[in-house]
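Inside the fold
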Amino acid sequence: MHTARPDPATPPTGREPGHADAAPDPTAEVVDLCRDLLRIDTTNTGDNDTSAGERRAAEYVAEKLAEVGVAAEIHESAPGRANLIARIPGVDPGRDALLVHGHLDVVPADPDEWSVHPFSGEVRDGYLWGRGAIDMKDFDAMVLAVVRHWQRTGVRPPRDIVLAYTADEEAGSDYGAHFLVQQHRDLFDGCTEAVGEVGGFSYSISDAQRLYLIETAEKGLDWMRLHARGRPGHGSFVHDDNAVTALAEAVARIGRHRFPLTVTPTVRAFLTELSDVLGVELDPDDPETAIAKLGPIANIIGATVRSTANPTRLAAGYKDNVIPGRATATIDCRSLPGQSELLERQLRELVGPDIEIEYIQRQPALETTFDGDLVDAMSAALRAEDPGARPVPYMLSGGTDAKAFAQLGMRCFGFAPLRLPADLNFSALFHGIDERVPVDGLQFGVRVLDRFLRNC
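Calculation criteria
Residues numbered from 1 in each chain as written. Predicted model: local features only at pLDDT ≥ 70, side-chain atom pairs only at ≥ 80, totals over all residues. Heavy atoms only, no water. Axes fitted to C-alpha atoms, helices over the stretch in contact; angles between N-to-C directions. Helix = DSSP H or I, 4+ residues; strand = E, 2+ residues; numbered from the N terminus. Parallel < 35°, antiparallel > 145°, perpendicular 65-115°, else oblique. Left-handed = near helix turned anticlockwise from the far one by under 90°. Contact = heavy atoms within 4.5 Å. Nonpolar A, V, L, I, M, F, W, Y, C, P; charged D, E, K, R; others polar. Pairing = 2+ DSSP bridges. Buried < 20%, exposed > 50% of the residue type's maximum accessible area, 1.4 Å probe, protein only. Salt bridge = Lys/Arg side-chain N within 4 Å of Asp/Glu carboxyl O. 1 Å grid on protein atoms, 1.4 Å probe; cavity = no way out; pocket = protein on both sides within 12 Å on 5 of 7 lines; lining within 4 Å. Points joined across faces, edges and corners; volume = space filled by probe spheres on them. Expected span 1.5 Å × (residues − 1).

What follows is about the packing of helix H10 (residues 373-385) against helix H13 (residues 439-454). In the contact formed by H10 and H13, the axes pass within 8 Å of each other and the chain directions differ by 135°. With respect to H13, the element H10 is oriented oblique. Relative to H13, H10 is oriented so that their crossing is right-handed. Of H13, the residues touching H10 (which contributes Leu-374, Ala-377, Met-378, Ala-381, Leu-382, Ala-384 and Glu-385) are Phe-444, Arg-447, Val-448, Arg-451 and Phe-452. Class assignment for the residues of the contact of H10 with H13 results in 9 nonpolar, no polar and 3 charged.

Dropping the structure here:
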């Protein structure tokens, strides 16, 4: 095969002699691929007995890769919990490989709350609707469309690209990325960098300028359960040792607490860029004033200047007139880089000595710098497709499969490019009702990924 010519301004054809000049347009095919994936229910409840599993989606991806001559391996961590791996050989086998990863599972969706059925994959009003449309079957489809186009036209990337379509990201990745890293790490031989979800999306400053947020950091995952114990008894008696009361008081203290403000290098770099484009002075002691000017994405950015802890579930008792001996609460904690142990100490002070803390998930925060050839290639691809693009680093308030792949020494980024309408409340769509992706944004992402991966 011919070598693809790296040129960030104009994608090379890189065709092998004998390939037909005409091939399906990947920007058209991506809509069909994404729609097909959205119609496959891969709901992850966090419980294998009630989760739909990712097997059907993994087999669909494997079939689409096989159609264009790419062999893929499927590895199950449990029945139905399938992960797919494929390797696209690059022109230079001596170069380090790049991992491109996306998860196949989605969070639950109640059809009664949606304007369309969440697994319909309906196209309406210029959007493709469905659970997973932005988290993250859009990126899964973009990558698949690009690879299929390459195979049909003879394009080869400059270095090996490893594709990973994973299970279980929405519940901590134990059956997905962590399983692969622990049981099949040889599949990632040579991978030193990785790109995945929740980055490369646009935020409009004006009609002529858009920030594109590239994830270079993400908060730590510190999910925990609180357990309170007390003396059980009849509900009509006086009870000074009530587990429900003790737990409720601890949960209330956590829910109302605001942890100290901390501006990390990534967040400081983002705020500096924001200050420049908005023409406002940045007060390092009050970054939240500048963040408030971001409108819909302020929720994402605002959660990155401090650690957070939010109560999400409560469980106690088995009868209305019985004081239970035990009560439990789940707390979704997200720590800033380097602050997981500090967050635990702060929480222990809040709940007091009589409340037991049990970790459900504890995965560290990640942070890398916004520099290097890979960042240059992302930035060039964005600017080539959008002259008004201004790529900037940012921290994700949530977590991704990057936490697993970073254990193998990879430098991880979030880069699933989307050009979004200025009035779209993008952050509200993550795990939200009526999740949808703009069709033209999806097609924009294919063009950017094509350029980026040819020049990475």
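Taking strand neighbours across the sheet as the criterion, the 3 strands line up as E4-E5-E19 in an open arrangement whose pairing is antiparallel. The strands lining the two open edges of the sheet, one partner per strand, are strand E4 (123-124) and strand E19 (436-438). As paired strands, E4 and strand E5 (residues 127-129) are joined by 2 bridges and run antiparallel to one another. For Arg-124, the partnering residue across the bridge sits in E5 and is Tyr-127.

Attention now goes to the packing of helix H5 (residues 243-256) against helix H9 (residues 340-351). Contact geometry of H5 with H9 gives a least axis separation of 9 Å together with a crossing angle of 135°. Classified by the angle their axes make, H5 and H9 are oblique. Seen from above, H5 lies across H9 with right-handed handedness. Of H9, the residues touching H5 (which contributes Ala-250, Arg-253 and Ile-254) are Leu-347, Leu-350 and Val-351.

Pairing within the open sheet is antiparallel, and its 4 strands lie in the order E12-E14-E10-E15. A strand with exactly one partner marks an edge of an open sheet, and here the two such strands are strand E12 (308-316) and strand E15 (356-363). Strand-to-strand twist across the sheet, computed as the mean angle between neighbouring axes with direction ignored, equals 20°. Here strand E10 (residues 220-229) runs beside strand E14 (residues 326-335); their pairing, made up of 10 bridges, is antiparallel. Looking across to E14, one finds that Arg-229 is bridged to Arg-326. Across the face of the sheet, H5 comes into contact with E10, E12 and E14 while running at roughly 15° to E14. Packing against the sheet, H9 makes contact with E10, E12, E14 and E15, and its axis sits at approximately 155° to E15.

Counting buried positions along strand E3 (residues 97-103) yields 7 of 7 residues, so the element is predominantly enclosed. Of the two faces of E3, the one carrying Ala-97, Leu-99, His-101 and His-103 and the one carrying Leu-98, Val-100 and Gly-102 are both buried. Two elements, E3 and strand E6 (residues 161-166), share 6 bridges in a ladder whose sense is parallel. Considered in E6, the bridge of Val-100 is made with Leu-163.

This part takes up the pattern of salt bridges. Tallying each qualifying case throughout the model produces 29 salt bridges. One salt bridge connects Arg-148 with Glu-29, and the closest N-O pair in it is separated by 2.7 Å. In this pair, Arg-148 sits in helix H3 (residues 137-153) while Glu-29 sits in helix H1 (residues 26-38), placing the two residues 119 residues apart along the sequence. Each member of the pair, Arg-148 together with Glu-29, is buried. A salt bridge links Arg-362 to Asp-222; its shortest N-O distance comes to 3.9 Å. In this pair, Arg-362 sits in strand E15 while Asp-222 sits in strand E10, placing the two residues 140 residues apart along the sequence. For Asp-222, a relative accessible area of 1% puts it in the buried group. Salt bridges sharing common partners tie together Glu-29, Lys-64, Glu-67, Arg-148 and Arg-152.

Moving on: empty space enclosed by the protein. In this approach the atoms are scanned with a rolling probe the size of a water molecule, which exposes any empty space left behind. Taken as a whole, this structure holds 2 cavities of 30 Å³ or more when the rule is applied. Approximately 70 Å³ is the volume found for the largest cavity. Forming the boundary of the largest cavity are Ile-134, Met-136, Asp-138, Phe-139, Glu-197, Val-198, Gly-199, Phe-201, Ala-416, Leu-418, Phe-426 and Phe-430. Partitioning the lining of the largest cavity into residue classes produces 9 nonpolar, 1 polar and 2 charged. Size it by volume and the second largest cavity reaches roughly 30 Å³. If you go around the second largest cavity, the residues you meet are Glu-215, Thr-216, Ala-217, Glu-218, Leu-366, Ala-402 and Cys-412. Residues belonging to the lining of the second largest cavity are distributed by class as follows: 4 nonpolar, 1 polar and 2 charged.

Before going further, it helps to examine helix H2 (residues 55-66). If you check H2, its first and last C-alpha atoms are 16 Å apart, about what 12 residues at 1.5 Å a residue would give, namely 16 Å. Of the positions making up H2, those classed as buried are Ala-57, Ala-58, Tyr-60, Val-61, Ala-62, Lys-64 and Leu-65. Taken together, the buried residues of H2 touch H1, strand E1 (72-78), strand E2 (81-88), H3 and E6.

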